[in-house]
Amino acid sequence: MKIYLSVDMEGVTGLTDPEEMHAGGRGYERGCELMTGDANAVVEGAFDGGADAVLVNDAHGSTKNLRVDLIDPRATLIRGPGKPHRMGQGLSRDFAAACFAGYHARAGVQHGVLNHTWMGKEIQNVYLNGEICGETRLVAGFAGSLGVPVALVTGDEAVCEEARELLGDVETVAVKKGIDRFAAELLPPIVAQRKIREAAAQAVGRLADFRPYVVAPPYTLGVEWNSTAIAAACAIVPGVKQVGPRDTEFTTDDYHEIMALFGLFSMIGGRISCDSGVYG
């Protein structure tokens, strides 16, 4: 039985500061260790629950955050940029379930710690088939298109609520409770990771209870950008239409293209935003 694990960083135990999310920022190296600790808690719990193999995907930013030297040796790790399916890289039909660790609430969610959707400032909102969409929904939809259910989501309290509303009786672990976007009440790592390990074991032990989250094709990805310049630039990508001054849409029957498109959007949006100074 194979289990897939996608690991983001904003929802990791103990982290609240944007500097902790980026290489060179104060606290980043310690953040990578905490991120690896949360990942290992899922891996350990999955094996406790009966998994035969666990594939871990580093799904945050540069995707070079997880400490391979500290990863549970029973797991394998996908690491590094250039992954066409980003947060869902490596996911395929032969996995019994997917788990999401270190996830966070979508953009604009009150009390969502480090809340955003895919990009921190360039994107206002994302829509999937007309419904507002965070990263949990986006990746769960990709898993569902492959027939794979989501069994576990860990992160802040807000993303756990988002996951239960979306996925039903999925296992969740809230490792922090948001006070504001950059402030939270935190569980100590030793407590949070014990809870994650126990929830992962329980999730793998009750896989029959979970159903894939299926979005009916065709899939229409709508993005409301914070900049007219980014929207115009992204609309140059074949198949992407500009439907408003700051809005783009893309429709496909293949969910893999939705995941891949976000990689292009990140490169285009990030470059235009960074190059445009205070007006970005």
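Residues numbered from 1 in each chain as written. Predicted model: local features only at pLDDT ≥ 70, side-chain atom pairs only at ≥ 80, totals over all residues. Heavy atoms only, no water.

Caption draft 1: Geometry of the overall build of the protein chain. Tallying secondary structure elements over the protein chain gives six helices and twelve strands in all. Overall, the protein chain is about 50 × 40 × 30 Å in size when its C-alpha atoms are taken along their principal axes. Per-residue burial for the protein chain yields a buried fraction of 54% across its 280 residues. Of the roughly 11,700 Å² that the protein chain leaves accessible, carbon and sulfur atoms contribute 51%. The positive charge centre, built from 25 side chains, and the negative charge centre, built from 36, are 2 Å apart in the protein chain. (Helix = DSSP H or I, 4+ residues; strand = E, 2+ residues; numbered from the N terminus. Buried < 20%, exposed > 50% of the residue type's maximum accessible area, 1.4 Å probe, protein only. Areas by Shrake-Rupley, 256 points an atom, 1.4 Å probe, with all protein chains shown as cover. Lys, Arg positive; Asp, Glu negative; His and termini not counted. Charge placed at Lys NZ, Arg CZ, Asp CG, Glu CD.)

Caption draft 2: Representation of the packing of aromatic side chains in the model. Considering all chains together, one arrives at seven aromatic pairs under this definition. In this structure an aromatic cluster arises from ring pairing among W118, W225, F262 and F265. One Lys or Arg, K2, reaches over the ring of F95 and ends 4.4 Å from the middle of that ring. (Phe/Tyr/Trp six-rings, centres within 6.5 Å; stacked < 30°, edge-to-face > 60°. Lys NZ or Arg CZ within 6 Å of the ring centre and 35° of its normal.)

Caption draft 3: Up close: helix α1 (residues 28–48). Counted at 1.5 Å a residue, the expected span for α1 with its 21 residues is 30 Å, and the 30 Å between its end C-alpha atoms agrees. When you tally the buried positions in α1, you get 16 out of 21 residues, the bulk of the element. With its phi angle positive at about 120 degrees, G50 sits one or two positions after the end of α1. (Expected span 1.5 Å × (residues − 1).)

Caption draft 4: Expanded view of the sheet that holds strand β4 (residues 97–103). In spatial order, the strands read β3-β2-β1-β4-β7-β8-β9; together these seven strands make up an open sheet with mixed pairing. Both edges of this open sheet fall to β3 (76–78) and β9 (183–186), since each of them pairs with a single strand only. Sheet twist, expressed as the average angle between the axes of neighbouring strands with direction ignored, equals 25 degrees. Its contacts with the sheet place helix α3 (residues 157–167) against β4, β7 (150–156) and β8 (171–180), and it is angled at close to 155 degrees to β7. Against the sheet, helix α4 (residues 189–205) engages β1 (2–7), β7 and β8, with an angle of about 145 degrees to β8. (Pairing = 2+ DSSP bridges. Axes fitted to C-alpha atoms, helices over the stretch in contact; angles between N-to-C directions. Contact = heavy atoms within 4.5 Å.)

Distances and angles like these do not, on their own, reveal function.
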